[in-house]
Amino acid sequence: MAKLWRISWLYVLLICALAGIGYVTLYSAAGGVPYPFAAPQAARFAVGLVLMVTIAMLPPHLLMRASWGMYALSLVLLVAVLHMGHVGKGAERWLMIGGLQVQPSEFAKIALVAVLATWFSRMDYARMGNPLWLIPPAFMVLVPVGLVLKEPNLGTAVIIGGIGASLFFTAGMRLWQIILLILPVPSLVQFAYGHLHDYQKARITTFLHPENDPLGAGYNIIQSKIALGSGGMWGQGYLHGSQGQLNFLPEKQTDFIFTMIAEEWGFIGAAAVIALLVLLIMGGMIMAIRCRNRFGRLIALGISMNFFFYCLVNLSMVMGAIPVGGVPLPLVSYGGSAMLNVMLGFGLLLSTWVHRDTRLDESSGHTA
Amino acid sequence: MWLKRRKRDNRRLMPIRDQKDPARGVFTRRALLCMAVQAGAMGELARRLYHIQINDGDHYARMAANNRVSKRLLAPPRGRIVDRYGIALANNKENWRALLMPEETTDVTGTIERFSTLIPLDERDRNRIAREMRHQRRFVPVMLRDFLSWDEMARIELNAPSLPGVLIDVGTRRVYPEGELLAHIIGYVAPPNENDVAHSTLLALPGMRVGRAGIEQNQDEKLRGTAGSVEMEVNAVGRVISELNREEGVPGEEISLTIDRGLQQRVLNHIGDQTASAVVMDCHNGEVLAMVSTPSFDPSLFDSGVSHAQWIEWTNNQHTPLINKAVAGVYPPGSTFKPAVAMAALESGLVSPTDRVFCPGHLDVGGTRFHCWSRWGHGSVDLHLALKYSCDVYFYEIARRIGMDRIAETAHRMGLGVPLDIELPHTRTGLIPTPAWRQAHHHHWNGGDTIVSGIGQGFIQVTPLQLATYTARMATGRAVQPHLMRAINGEVSPMANAEHWPSLNMPEKYLEALRAGMFAVVNEPHGTAPKAQLDLPGIAMAGKTGSAQVRHVSRALRESGHFNSANLPWEYRPHALFICFAPYDAPRYAVSVVIEHGNAGADAAAPLARNIMRDTLLRDPSNHTTPPPESVATVDDSFE
């Protein structure tokens, strides 16, 4: 159990602080009572905390072995959600498994990080230069991206692609390979736009011109900006944000919870939350750099990237910088599935930290 | 260098601590690059947040306030209408309503069923409730029943535990305590239609009513008042969270009418079930003290909506209950027109009061014979006798002498065939025909048209109100205008002063000649209206009868000697008219009476007018500020 002490408790403290902010805000979102949001969220966080610490204890070779199974499971779930998923806002997003809402796309991100880390950990720098070795992991990325796009969940698909790309990049992909990959992107984007659902196109158009449709699709963006703006420097005071308390904010307990924080605590409070998020992201990245095995490095970087993308997409969305996309603010937004996935990710991250000096049988080239 | 690195990489199973993994260097550099990108992105978000929250903060804070505060207008109470003594004629009464808040009951249909066992709901109610339920949000109450009685409310309160979500709420409704008695004067209100709402946002408020007839319509804007407002904090779906600020509206103004409610009641009692109208006016200032038109209708039926069957019944009724005959009924004035012809003749200078005309019972002009009402004639008559006997031949002759234009001009000045300033909608002007009017309608004016106009027949049409005004003007020589508005919010109108009204500029001696003739009609032997004599000591009344044919009586029928209008079907009988003023020596009150198809004015209208005048004199409303005790008006029933 000496291992327990090797967990970065400072980092755990930061996680708890973020979850604490989530609890306090959900308490306000419910109008100043712990139900129906804050208390269940706290209970789930407690479960998530145990899960996280348990995973942090697992030796990395176990994770490596489990990664293929996790990845296969995530693909099965992604296919299943296409056929028997529950519809939310015109997209198939979640599965009901044993009374639990499971969002396969969230789990797929973690599984992808694990499987890519496993793959790249067996590749040395030389192999990375050979494009043939990059083709299998490319498919590992493209298959879940395609399945999530089909849900259709554009935001998550882009995040999965981004995580994959960041792992390819840091694993040591050659620059010429990167340039070669980036070149066809514009035409792909055009092709993809043609295949977007009408509601997704509407999100993009209203994002560009929210004032054209103030009560329709532009409502979310406008109300969200009103909430942010009316917070001012010092905020309207805890439990006194009019936009949130009067339900003008759509999905204030989930995707738009940051606007509640900004409205009630002002720029000071919102900037503090952003600072906390930056600390969590940077902490994860530093853990990645400090890790002495390739697998751990990539896991830590992938998880941090995932967390970063969560924050980036959610905050950009509530500030009207990108179209509204159904991405929660990790640990703060109300929701069980997202919470467990984030805690699972942090468990893996802490595991790489705990086992940062562990030697892994990382092949640096059986075939060379 | 790249080659070198690759070579070193080929070593297997190096202790990680000592491993010189070139990929780690690449990783570290690229991870640092990622961190830079992350830091940049988060920094950009923070900058953007600062821009929204601080730079544009005021703008968004204003938008948030607009979101939050919902301003609603409050319907002001409608002004009361009272009679000259302050007795309420139109009032606002609390309207207790049962509402259902759908979100406060788990079983909406069950609650409605239990409610209907206490207070019956008809098919119309149920359909309306179902419709409102579909269209409204669950926190907006649905009206189950309004106009609840105390008894019904008690039943609801008693059963409150089994009626979750049912609450009792108070609104207002317009009530007319006098009902049919003043329906034609007060009018009624109804919910505004889309056109009304388009012209006034105030009318869009729930509970607002628009006057649709009578004073309610004519004085609608004064009665309406000014809306108050209430600012409420609302949430995104419009549910009210709290009340922030409340500004009560200004109630509509209270209108005091010139009407004496007690006198109005007496007049109605005297008319009984005849189809008639009567106007009592103060000769000095034109105040209308009573104005009755029968049959009448119940104005309160309009507030809750008139049924189709009721409407059909009213509009098909040949006694026209919805029409105020005093201002919208037009009748040939018959002999009541003769004083106007006499005044025109005197003013023309072509006829003097002492000029005599011989009446052999008829007048032959251009081969046409015009009959006097008396087959045997009246012999030689001057103006006084002509008025007293109501001699047709005398008036045929002087009308022929002076011509129609002079008659019309004088009649107009006396208030006949011209619009009057009465504060009522849907009034009619009547008509005093002239050759020019006839020509405008592409007909030739015959000499015979002038001659029949001399006795108030032919094309002449006047309203009972015009007759009363005409009588009042004759009695005082002032150009009084009939009016119903005595005071607004207690401030008495200048119209109440006799000095407000200019002189008619008719020589007093001529007016005196007319009055004397009308005195003779009632009080001298062989006058046409002996039944109109008052039994009050020291007070005499002057009047003029009139019978207006509604159907041409052929010469053959007349000469057969069997003509008796009383045998005609009701709708072909002549109208009976009477105008009068009293006291004769100091005129104060003028009365006009028109009984539709009432036959001879002397027999039907004169006694009615006498009874009305008698009550008016006994009550003397123009000289009292409080209503007389009821006993004053009840002693005379023996004179009916």
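Everything numeric here is computed off the predicted structure, so don't read it as measured data.

1. Notes on the pairing of strand β14 (residues 362-365) of chain B
All names here are of chain B.
Link 1 in the chain: For β14 and strand β15 (residues 368-371), the ladder comprises four bridges, and the chain directions are antiparallel. Residue pairing across strands places His 362 opposite His 371, the latter belonging to β15.
Link 2 in the chain: Counted between consecutive antiparallel strands, the loop separating β14 from β15 contains two residues, among which Gly 366 sits at a positive phi close to 55°.

2. Quick look at the sheet that holds strand β9 (residues 240-247) of chain B
Residues and elements named next belong to chain B.
Link 1 in the chain: Read across the sheet, three strands follow the order β1-β8-β9 without closing on themselves; strand pairing throughout is antiparallel. Since the sheet does not close on itself, it has two edges, and those belong to β1 (69-74) and β9, each with one partner. Taken pair by pair, the neighbouring strands of this sheet meet at an average axis angle of 25°, ignoring direction.
Link 2 in the chain: Relative to the sheet, helix α3 (residues 57-68) contacts β1 and β8 (228-234), its axis offset from that of β1 by approximately 40°.

3. Thoughts on the side chain of Ser 493 of chain B
Residues and elements named next belong to chain B.
Link 1 in the chain: If you trace the backbone, Ser 493 turns up in the loop between β18 (491-492) and α21 (508-523).
Link 2 in the chain: In this structure the side chain of Ser 493 is engaged in a polar contact, spanning 3.0 Å, whose partner is the backbone nitrogen of Met 495.
Link 3 in the chain: When sequence neighbours within four positions are dropped, the list of residues in contact with Ser 493 reads Met 485, Arg 486 and Ala 487.

4. Topic: the sheet that holds strand β21 (residues 589-595) of chain B
All names here are of chain B.
Link 1 in the chain: Sheet architecture is open: five strands sit in the order β12-β11-β21-β20-β19, paired in antiparallel fashion. A strand with exactly one partner marks an edge of an open sheet, and here the two such strands are β12 (288-293) and β19 (542-548). On average, each strand axis in the sheet is tilted by 5° relative to the strand beside it, whichever way the strands run.
Link 2 in the chain: As paired elements, strand β20 (residues 575-582) and β21 share seven bridges and run antiparallel to each other. Note on β21: the bridge partner recorded for Phe 578 is Val 593.
Link 3 in the chain: Across the sheet, helix α11 (residues 261-271) touches β11 (276-282) and β12, and the angle it forms with β12 is around 35°.

5. Topic: the interface of chain A and chain B
Link 1 in the chain: Opposite the 65 residues of chain A that make contact, chain B presents 48 residues.
Link 2 in the chain: For the pairing of chain A and chain B, the buried interface totals around 4900 Å² over both sides, and the portion due to carbon and sulfur atoms is 70%.
Link 3 in the chain: The tally of links from chain A across to chain B stands at zero salt bridges.
Link 4 in the chain: At the boundary of chain A with chain B, the tally comes to seven residue pairs in polar contact (both at pLDDT 80 or more).
Link 5 in the chain: Top contributing element to the side of chain A that touches chain B by residue count: helix α13 (residues 257-290) of chain A, with 16 residues.
Link 6 in the chain: When grouped by side-chain class, the residues that make up the side of chain A that touches chain B number 39 nonpolar, 18 polar and eight charged.

Here is what the cut-offs are and how they apply
Residues numbered from 1 in each chain as written. Chains lettered and ligands numbered in written order. Predicted model: local features only at pLDDT ≥ 70, side-chain atom pairs only at ≥ 80, totals over all residues. Heavy atoms only, no water. Pairing = 2+ DSSP bridges. Helix = DSSP H or I, 4+ residues; strand = E, 2+ residues; numbered from the N terminus. Axes fitted to C-alpha atoms, helices over the stretch in contact; angles between N-to-C directions. Contact = heavy atoms within 4.5 Å. Polar contact = N/O pair within 3.5 Å; in protein donor to acceptor, adjacent residues only side chain to side chain. Buried area = accessible area lost by both parts, 1.4 Å probe. Salt bridge = Lys/Arg side-chain N within 4 Å of Asp/Glu carboxyl O. Nonpolar A, V, L, I, M, F, W, Y, C, P; charged D, E, K, R; others polar.

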